[in-house]
Amino acid sequence: MKALTHVMQGRGAISLIALQIIAVAPPLAIVLVERGPPAIVQFGAALLIVLVWDYAFAKVRHHRFLPQGLTTAAIFVLLTPPDIPIWHVAVTLSLATVIGELVFGGRGFGFLSPATVALALALLSLPNLELPEPSTRAALACLPGLALLLLTGLCSLSVLLAFATAMGGIHFLAAPTDLAQLALVAVPAFVFLIADPTASAVTLGGRVLYGGAAGALVWVFGGIAMEPATINPMIFAALTASLFAPLFDHVAIALQTRAGRLRHG
Amino acid sequence: MAKALSQFTRQLVAQNPVTHQILGVCSALAVTTSLDTALMMSAALTAVICLSSAIISFLRHHIPQAIRLIVQITIIASLVIVIDELMRAFAFELSRALSVYVGLIVTNCLVLGRAEAFAMRNPVAPSLLDALGNGIGYSLILIIVGSIRELLGHGTLLGITILPIVADGGWFQPLSFMQLAPAAFFIIGLMVWSIRSLDLSEAEIAEYDLQGERSQG
């Protein structure tokens, strides 16, 4: 919690980026090895694009240069197929980096995860795009990153529990989707998109509402009989939940204030 | 007249109704999926705004203040109906593609805005020039946005193939996102941003200092 507060105050943007890179590195390395040269080329292009924007904004706005796009590029390459045309990668990553992050002042100042925005734009741009299902190895490699982000306070346990309860609860009540398959796509989507501290709510109640909404929205976007489970609805669930995150915080604070008034008269 | 002429040129970029005054954005988002609809809408709006401004300016001394808006809307609506009927008669397919947006020129804040702000207070010639400047300024933005969206979304311009798409054996993979309304929103937003960055007199005063926020943190 202390670490998160530190980061949100803008002093620890480097530590936030560094920790996120450490978390995303193992699954990214596995995916790059599995998918071979096309994925490496895509990663190189993605890196170049986001770093050019980071540098341009640092120059124009007289800020220090922070390679905040590194995590955006890494998460984008981790979750997309390597055969997307490079110019689509350029357009979607440029729009997502600029509109989703840099116009607000950089990492920690916006309310969206640029990686989620980039993936949503890619899905809207290519209606037939099928995001590859992460291999079991890649999904398992996300777990050390999840542990690291939980320990450093960058990923909230409240969000995790609320997300798992909402998504798992609906699954057990109504959906016939294979649980192992669901977990395979849900782990990377949660760790790198939904749990993003800059996109999620900041109060305890807000986080519970945010995680719960994200978990329920997966079934809204994917359909209650999501078979097989895919990562697509999780991206739109993450985007929608993060748009509502400030509202969840507002509701949580209003409820807390009201409860306090009732208690103390 | 020289003043009116300089006002006319300013309305193309510096005082552009869409990017500076943020007027007429609704139709600019809706009809720019292709260049032909953008051109047709531009022509329709420019005709309506010019004619309405000229008529309202001509009648300005005879319009009672209390009912001026009713009279202005009646004049604009009559002109829109005539333009809409002409389009149905001579460009039926495009008229269908534009659907309700031609009729909605009546409620376009740009047309009523110029009538109320300029034509009601000025003679016919300057009013006509002001309306023409605004019409062309609006058209300029629609044509730019329509060209970008059609070219990147379909690989064509006015239906003519410029970038052969993969589905037809070419190399270009269209960006379907460009055909959705948010794309127009992003393009217009980026244009507003670019203009305000280049012309610092257009920039709004920041509500807070990000650098200051950072140093306090």
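In what follows, the structure referred to is the one given above.
Residues numbered from 1 in each chain as written. Chains lettered and ligands numbered in written order. Predicted model: local features only at pLDDT ≥ 70, side-chain atom pairs only at ≥ 80, totals over all residues.

**Q** Looking at this model, I keep getting lost on helix H6 (residues 109-119) of chain B. Mind explaining?
**A** For an α-helix, the turn length of 3.6 residues means that residues three or four places apart are oriented alike. All names here are of chain B. Along H6, the positions that sit buried rather than exposed are Leu110, Val111, Arg114, Ala115 and Ala119. End-on, the buried residues of H6 take up no more than an arc of 135 degrees, which puts them together on one face. On its buried face, H6 is in contact with helix H3 (35-58), helix H4 (68-90) and helix H7 (124-154). (Buried ≥ 20, exposed ≤ 12 C-beta atoms within 10 Å, placed from the backbone. Helix = DSSP H or I, 4+ residues; strand = E, 2+ residues; numbered from the N terminus. Arc of directions from axis to C-beta. Contact = placed C-beta atoms within 7 Å.)

**Q** Could you clarify how one ought to interpret helix H10 (residues 204-222) of chain A in this entry?
**A** All names here are of chain A. The end-to-end C-alpha separation of H10 is 27 Å, in line with the 27 Å expected for 19 residues at 1.5 Å each. Within H10, 14 of the 19 residues are buried, leaving the element largely enclosed by the surrounding structure. Just past H10, the residue Gly223 takes up positive phi, approximately 85 degrees. (Expected span 1.5 Å × (residues − 1).)

**Q** Looking at this structure, I do not really get the packing of H6 of chain B against H7 of chain B. What am I missing?
**A** Any two packed helices are characterised by the angle at which their axes cross and by the distance between the axes. All names here are of chain B. Remark: H6 packs on H7, axes separated minimally by 10 Å, with the N-to-C direction vectors making an angle of 150 degrees. It follows that H6 is roughly antiparallel to H7 by the angle criterion. Where H6 crosses over H7, the handedness of that crossing is right-handed. In this structure, H6 uses Leu110, Arg114, Phe118 and Ala119 to contact H7, whose residues at the interface are Ser127, Asp130, Ala131, Asn134 and Tyr138. For the contact of H6 with H7, the class distribution of residues is 5 nonpolar, 2 polar and 2 charged. (Axes fitted to C-alpha atoms, helices over the stretch in contact; angles between N-to-C directions. Parallel < 35°, antiparallel > 145°, perpendicular 65-115°, else oblique. Left-handed = near helix turned anticlockwise from the far one by under 90°. Nonpolar A, V, L, I, M, F, W, Y, C, P; charged D, E, K, R; others polar.)

**Q** Would you explain the environment of Ala122 of chain A in this entry?
**A** Residue and element names in this part refer to chain A. In this fold, Ala122 is placed in helix H6 (residues 114-125). Here Ala122 falls in the buried class, since 24 other C-beta atoms lie within 10 Å of it. Each C-alpha atom of the pair Ala122 and Ile84 lies 8.8 Å from the other, and the pair is 38 residues apart in sequence. Excluding residues that lie within four positions of it along the chain, Ala122 makes contacts with Thr80, Ile84, His88, Thr92 and Leu129.

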